[in-house]
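# Structural characterization, general
In case you want the letters, here they are:
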Amino acid sequence: HNANYDAWMMRNIGIQTYKTKGRTSDTAVMHLLYDDMASHALSQVAASLCNIHKYSFKTAFPEVKGKVSPGEVLLKVWEEDPLRVSHYASLDAYATYKVYETLKEKLEAFEIMPGRSLWQYYLDYEKPFTDVLLGMELAGVEIDTDKLLALLPAFEKRAHDLRKYFAKEAGEIVRPTGAKITKYFFKKLKLPPIKVSDKTKKPSLDKETLAAWIERGYEPAALLQEWRKCEDMQTRYISNLLGLVMADTK
């Protein structure tokens, strides 16, 4: 389940699974073909398809807290109570195998055209493509960290300016998302709702709403969109990318 993650973990200890004869099927991908709208978490897939109810890692190992890493806890528990580690790991493997059997049967029964099942489609396209994705991950993308860092000051300054602007206009400190900025747009500015949030059933302040307002000429909507982009560039992209750089390639 999420086979490429396991391939990475194996590679980290010197075991090569990339493009080998024993390349495994990925039950997460199989489940995506079976039901692309459902959660693909193994615990939920195993429960819904096989009536196997897994318990979480934190339930099995409550010792994981604070600055203690899962790896440190596993090594300690393995020395003191190897049965607990074995039970958790074997249940994970058992659940994956039963999910594989169940999904294989369901995909074989799903005919996408005369004489061709969804299982055959998986074997011909999705299974080999997991190797393509792994190859892309192994190759990585070369980035210039100095140039990436050089982008930060401009985004930080613009985000700071927009934060001050909205705090002044709203009369309180606001964030680019959340109840306060939503109240500012719908209560103070009284902008027309475009859609309702599925979760809260209240007017939504999502990107579709902002796009519709910008098209109608509402400048605060354009500024909020810019603020969100600045925040995203700082955290989701620049900081995240720098954190993903492999140390041995710097």
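Below, the structure is looked at part by part. (Residues numbered from 1 in each chain as written. Predicted model: local features only at pLDDT ≥ 70, side-chain atom pairs only at ≥ 80, totals over all residues. Heavy atoms only, no water.)

## A short note on helix α10 (residues 207-215)
Among the residues of α10, T209, L210, A212 and W213 are the ones counted as buried. Mapping the buried residues of α10 onto a view down its axis gives an arc of 160°, with all of them on the same face. Of the exposed residues in α10, those oriented more than 90 degrees away from the buried face are K207 and E215. Buried residues along α10 sit in contact with α9 (179-188) and α11 (219-244). (Buried < 20%, exposed > 50% of the residue type's maximum accessible area, 1.4 Å probe, protein only. Helix = DSSP H or I, 4+ residues; strand = E, 2+ residues; numbered from the N terminus. Arc of directions from axis to C-beta. Contact = heavy atoms within 4.5 Å.)

## Here we look at the pattern of salt bridges
Scanning the model with the defined rule gives 15 salt bridges in all. The partner of R236 in a salt bridge is D232, and the shortest N-O contact between them spans 3.9 Å. A residue pair is termed a helical-turn pair when its members lie 3 or 4 positions apart in one helix, as R236 and D232 do in helix α11 at four residues. One network of salt bridges, in which partners are shared, links E63, D81 and R84. (Salt bridge = Lys/Arg side-chain N within 4 Å of Asp/Glu carboxyl O.)

## Let's talk about unusual backbone geometry
The phi angle at N2 is positive, at roughly 60°, despite the residue not being glycine. Following the sequence through the fold, N2 ends up in the segment before α1 (3-12). Using a relative accessible area of 44% as the deciding quantity, one classes N2 as partly exposed.

## Examining α1
Along α1, the residues that are buried comprise A3, N4, A7 and W8. The buried residues of α1 occupy one face: seen down the axis, they fall within an arc of 145°. α1 presents Y5 and N12 as exposed residues on the side facing more than 90 degrees away from its buried surface. Buried-residue contacts for α1 involve α7 (118-139).

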